[in-house]
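Take a look at the letters that make up each chain.
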Amino acid sequence: MKNQSVTNNLDWMSIAIYITLVILGWLNIYSSSLSSIARETSIFDFTQIYGKQFMFIILTIPLILVVMSVEGKFYEKFSSVIYVIGLLSLAGLFVFGKTIKGQANWYSFGSFGVQPSEFVKAATALALAKYLSDVQINLKDLNRQIQVLGILFLPILLIVPHDPGSALIYCVFILVLYREGLPSWYVWTGFIGLVLFVLALVIKPLILTLAALAVIIFIYYRSRMINRNWLLSSIIFLMIGGFVFSVDYVFENVFKQHHRDRFNILLGKEVDMKGIGYNTNQSEIAIGSGGWFGKGYLEGTQTKGGFVPEQHTDYIFTTVGEEWGFVGCLLVMLLFVTLIIRVIYLAERQKTKFSRVYGYCVAGILFIHFFVNIAMVAGIFPTIGVPLPFFSYGGSGLWGFTILLFIFLKMDANKVNEW
């Protein structure tokens, strides 16, 4: 039987949303980076931020064509090679990385820079999909758990010294692993650990530990007699107590000062509107000033006044809030949610486990970026430098997300030829 053309089976709905988001992203980058003096300059002025982003967008066209021209099986067959190359690119930063804004997470080629962590997300997703698609894999087995978590944590360990925010993104893969059979206690342990860490910053360790003891005792006596295990309950209590009492040391000695400041501001422990809290405060002002329908495109006073630092990158959503208002914010968020749901839908209808797992990885990465960036801009999450997919300025980010998405769209289109 002759293979069907994958072009005829592309998911044009996902592609249409992608194009819409990229166009809206550039419009907002143009607005946030356009000064009153430069209003008459051309969009092709590559000395300006909006001109550079326009060039990055144009270059995505041949990039997409290359990704779509490669056989779908190529990504599965060479996933391990791609993953190793990704790890080597991260390791190379320790020797050849260029330091920008205190982080050595870039390779510099003249005036052009490449951030490898943006591309390693796709490489890690491919590696996890390949490992999990093995018919012998059972994530209930401890050895398999160690191996698959090793695939996940290797890039995290290489990224953390340079870019802790990007490293956090990789944790979303735990949800994908849970979907594929990883015991639920991994997810619950992570969630409870995060909650305890935050609570330990605002509640005295002894009080928090006693509260945890009360909860454990309550659960112990509410359990049926056959399910009671005092040794396990004691171990859990000791682990929680040790963790809670170690939070202060980790916070003061492991976290950098700007990380501590951001957590303190978020928790209301200190307010520095002229220093570390300036970005978040101005972001909230810009978004709030937009009202229901915004001030109009290119009419944002906070945007034009340059009050929000890094507005064309991590804080690009503030331009949407000020100039497009609540309705515009809702529209952009709806587009992101629709794309994520669409990718999940496509993942569920894949014929191979490799394609399905990779699809869930794509959806997870897009979701965590979208969620964290919006929460960060709205002041309900610490500023950790997570870009908004297809919106934030930068060639590496745009190309990384484009490759991530279109590899999956290629797999989805090729499923007509899968047995």
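About the cut-offs
- Residues numbered from 1 in each chain as written.
- Predicted model: local features only at pLDDT ≥ 70, side-chain atom pairs only at ≥ 80, totals over all residues.
- Heavy atoms only, no water.
- Helix = DSSP H or I, 4+ residues; strand = E, 2+ residues; numbered from the N terminus.
- Buried < 20%, exposed > 50% of the residue type's maximum accessible area, 1.4 Å probe, protein only.
- Contact = heavy atoms within 4.5 Å.
- Areas by Shrake-Rupley, 256 points an atom, 1.4 Å probe, with all protein chains shown as cover.
- Core = buried A, V, L, I, M, F, W, Y, C linked by side-chain atoms within 4.5 Å.
- Phe/Tyr/Trp six-rings, centres within 6.5 Å; stacked < 30°, edge-to-face > 60°.
- Salt bridge = Lys/Arg side-chain N within 4 Å of Asp/Glu carboxyl O.

Enquirer: Before we move on, can you summarise the overall build of the protein chain with the specific residues and values?
Expert: The secondary structure content of the protein chain amounts to 18 helices and 3 strands. Split into buried and exposed, the 419 residues of the protein chain put 48% on the buried side. Pairs at least 24 apart in sequence give 70% of the contacts found in the protein chain among residues at least 6 apart. Carbon and sulfur atoms provide 69% of the accessible area of the protein chain, an area that totals close to 21100 Å².

Enquirer: An account of the side chain of Thr 124 is requested, with residue identities and associated values reported.
Expert: Examined against the element boundaries, Thr 124 turns out to sit in helix 6 (residues 117-132). Not counting chain neighbours up to four residues away, the residues in contact with Thr 124 comprise Tyr 83, Ile 151, Pro 155, Tyr 170 and Phe 173.

Enquirer: Give a detailed account of the nonpolar core, specifying residues and quantitative values.
Expert: In this structure, Tyr 358, Phe 390, Phe 391 and Phe 406 are the most contacted members of the largest nonpolar core, which totals 97 residues. No other element matches helix 17 (residues 353-377), which puts 15 residues into this core. For Phe 391, the residues in contact, after removing those within four places along its chain, are Leu 21, Leu 24, Gly 25, Asn 28, Ile 29, Ile 316, Val 320, Val 332 and Phe 336. With 11 residues, the next largest nonpolar core counts Leu 196, Leu 208, Ile 216 and Val 247 among its residues.

Enquirer: Before we move on, can you summarise unusual backbone geometry with the specific residues and values?
Expert: Of note in the backbone geometry, Phe 390 takes a positive phi value of approximately 70° without being a glycine. Relative to the helices and strands, Phe 390 is located in the loop between helix 17 and helix 18 (395-414).

Enquirer: Kindly report on the packing of aromatic side chains, identifying the contributing residues and their values.
Expert: Under the criterion given, the structure shown has 18 aromatic pairs. Measuring from ring centre to ring centre gives 5.2 Å for Trp 292 and Phe 326, while their planes differ by 80°; the resulting arrangement is edge-to-face. Note that Trp 292 is positioned in the loop between helix 14 (278-289) and helix 15 (301-304) and Phe 326 in helix 16 (residues 317-348), a separation of 34 residues in sequence. Given a relative accessible area of 59%, Trp 292 falls into the exposed group. Judged by relative accessible area, which is 42%, Phe 326 ranks as partly exposed. Look at Phe 336 and Phe 370: their rings are 5.2 Å apart centre to centre, the planes differ by 25°, and that puts the pair in the stacked class. With Phe 336 in helix 16 and Phe 370 in helix 17, the pair connects residues that are 34 residues apart, well separated along the chain. Summarising the burial analysis for this pair, Phe 336 and Phe 370 share the class buried. An aromatic cluster is present here, built from Tyr 18, Phe 390, Phe 401 and Phe 406 joined pairwise through their rings.

Enquirer: Please give an account of the pattern of salt bridges that cites residues and values.
Expert: The full count for this structure, using the stated rule, is 8 salt bridges. Notably, a salt bridge pairs Lys 73 with Glu 76, separated by 3.4 Å at the nearest N-O pair. One end of the pair, Lys 73, and the other, Glu 76, are both in helix 3 (residues 72-77), 3 residues apart, so they sit about a helical turn from each other. A salt bridge links Glu 322 to Lys 295; its shortest N-O distance comes to 3.0 Å. Of this pair, Glu 322 sits in helix 16 while Lys 295 is found in the loop between helix 14 and helix 15, placing the two residues 27 residues apart along the sequence. Taking relative accessible area as the criterion, Lys 295 reaches 33% and is therefore assigned partly exposed. In the salt-bridge network here, residues are joined through shared partners; they are Arg 179, Glu 180, Glu 348 and Arg 356.

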